[in-house]
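# Coordinate inspection notes
What follows is the residue order along each chain.
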Amino acid sequence: GACDFDSRSALLAEAAARLRETGMVRGWRDEQLAVGKPALATLERAACRPLGITTEAVHLNAYVAADALIVARRSALKQIDPGLWDNLVGGMVAAHETLNETLEREAWEEAGLRLQCCSSLTPGRSFKMHRPVPEGLQSEIIHVYDAVVPNDQSLLNQDGEVAAIERRSIDQVVDAIEGDQFTLESALTTLESLTRGDASTATTLFG
């Protein structure tokens, strides 16, 4: 039979539905992620880790001062890492989205933040997570960004997935990371920013 993009996507959708019936796929999201780069097909987000499919995500370090970040606590109702702390913005790249489009969407959904309100938006490095997780295998390429958020910026979660948004000194964030209070992705995203290059990211952003 045909083996084009739509046909492959349809076959993967059928496989995901069957895995859902068996209970191997949980937390169905009705969100399609790309399979492969360039994309060969799309697949329901909740089925990616059970099948070990590599996904992409964006994470944003939100600086409010050279020595302070705004961080977010995940809702206790989240299926993955409930109640842990996160970067202010982070999320998976949906099929047919660019990295910037995902960053803009997630910034609004998670913090009510419009990126054009930030005085700086700087891409950092990317890294890959590859580890077994309860739902299967996390194989994910994470793209790091830094931004400066105005001190008087009003921030409010829009999608019910964030329980709290707080300003923390970098020392407090590092202590919380050492105490396993942050998700691993967010801890690595923050540390990527703090260790990038010869000069600190904060010096680059704030001059």
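Parameters at a glance
- Residues numbered from 1 in each chain as written.
- Predicted model: local features only at pLDDT ≥ 70, side-chain atom pairs only at ≥ 80, totals over all residues.
- Heavy atoms only, no water.
- Buried < 20%, exposed > 50% of the residue type's maximum accessible area, 1.4 Å probe, protein only.
- Helix = DSSP H or I, 4+ residues; strand = E, 2+ residues; numbered from the N terminus.
- Pairing = 2+ DSSP bridges.
- Salt bridge = Lys/Arg side-chain N within 4 Å of Asp/Glu carboxyl O.
- Core = buried A, V, L, I, M, F, W, Y, C linked by side-chain atoms within 4.5 Å.
- Patch = residues over 30% accessible without salt bridge, like charges linked within 9 Å, V, L, I, M, F, W, Y side chains within 5 Å.
- Areas by Shrake-Rupley, 256 points an atom, 1.4 Å probe, with all protein chains shown as cover.
- Lys, Arg positive; Asp, Glu negative; His and termini not counted.
- Charge placed at Lys NZ, Arg CZ, Asp CG, Glu CD.
- Axes fitted to C-alpha atoms, helices over the stretch in contact; angles between N-to-C directions.
- Parallel < 35°, antiparallel > 145°, perpendicular 65-115°, else oblique.
- Left-handed = near helix turned anticlockwise from the far one by under 90°.
- Contact = heavy atoms within 4.5 Å.
- Nonpolar A, V, L, I, M, F, W, Y, C, P; charged D, E, K, R; others polar.
- Phe/Tyr/Trp six-rings, centres within 6.5 Å; stacked < 30°, edge-to-face > 60°.
- Lys NZ or Arg CZ within 6 Å of the ring centre and 35° of its normal.
- Expected span 1.5 Å × (residues − 1).
- Arc of directions from axis to C-beta.

## Considering the pairing of strand β3 (residues 55-65)
Judged by how many residues are buried, β3 sits mostly within the fold: 11 of 11 residues are covered. For β3 and strand β8 (residues 136-148), the ladder comprises 9 bridges, and the chain directions are parallel. Of the residues in β8, the one forming a bridge with L60 is Y145. Note that β3 and strand β6 (residues 89-92) share 4 bridges and pair antiparallel. Its bridge partner being in β6, H59 is matched across the sheet by G90. For β3 and strand β4 (residues 68-74), the ladder comprises 3 bridges, and the chain directions are antiparallel.

## Observations concerning the pattern of salt bridges
A complete count under the given rule lists 17 salt bridges for this structure. Between R196 and D146 there is a salt bridge, with the nearest N and O atoms lying 2.8 Å from each other. Within this pair, whereas R196 is found in the loop between α5 (184-194) and α6 (201-206), its partner D146 is found in strand β8, the two being separated by 50 residues in sequence. Accessibility assignment for this pair places R196 and D146 in one class, buried. One continuous salt-bridge network, built from bridges that share partners, spans R29, E31, R45, K78 and E161.

## Comments concerning the nonpolar core
Generally speaking, soluble globular proteins have nonpolar side chains that are buried together. Grouped together as the largest cluster of nonpolar side chains are 20 residues, with contacts concentrated most on L60, I70, L88, L103, L113, L115 and V149. Counting only elements with at least two residues in this core, the list comes to β3, β4, α3 (99-111) and β8. Broken down by element, the residue count for this core peaks at 5 residues, all from β3. Counting residues in each nonpolar core, the second largest holds 12 residues, with V71, V173, I177 and A187 among its members.

## Some points on a negative patch on the surface
A contiguous patch of negative charge on the surface is contributed by D67, D171, D175 and E178. For D171, a relative accessible area of 58% translates into the label exposed.

## Things to note about the packing of helix α4 (residues 170-178) against α5
Look at α4 against α5: their axes get within 11 Å of each other, and the N-to-C directions meet at 135°. Considering the angle they form, α4 stands oblique to α5. At the point where α4 passes α5, the crossing takes the left-handed sense. Residue-level inspection shows I170, V173, V174 and I177 of α4 in contact with α5, the latter providing A187, T190 and L194. Split by residue class, the contact of α4 with α5 holds 6 nonpolar, 1 polar and no charged.

## Digging into the packing of aromatic side chains
The final tally for this structure, using the stated rule, is 0 aromatic pairs. Sitting over the ring of W108, R114 keeps its end group 3.9 Å from the ring centre. Between the NZ or CZ atom of R168 and the centre of the ring of W85, over which it lies, the distance is 4.4 Å.

## Notes on helix α1 (residues 5-22)
Here α1 spans 26 Å end to end across 18 residues, near enough to the 26 Å set by a 1.5 Å rise per residue. Along α1, the residues classified as buried are S9, A16 and L19. All buried residues of α1 fall inside an arc of 85° around its axis, so they share one side. Turned more than 90 degrees off the buried face of α1, the exposed positions are D6, L11, R18, E21 and T22. In this structure, the buried side of α1 is in contact with β2 (41-44) and α2 (45-51). Phi turns positive one or two residues past the end of α1, at G23, with a value near 90°.

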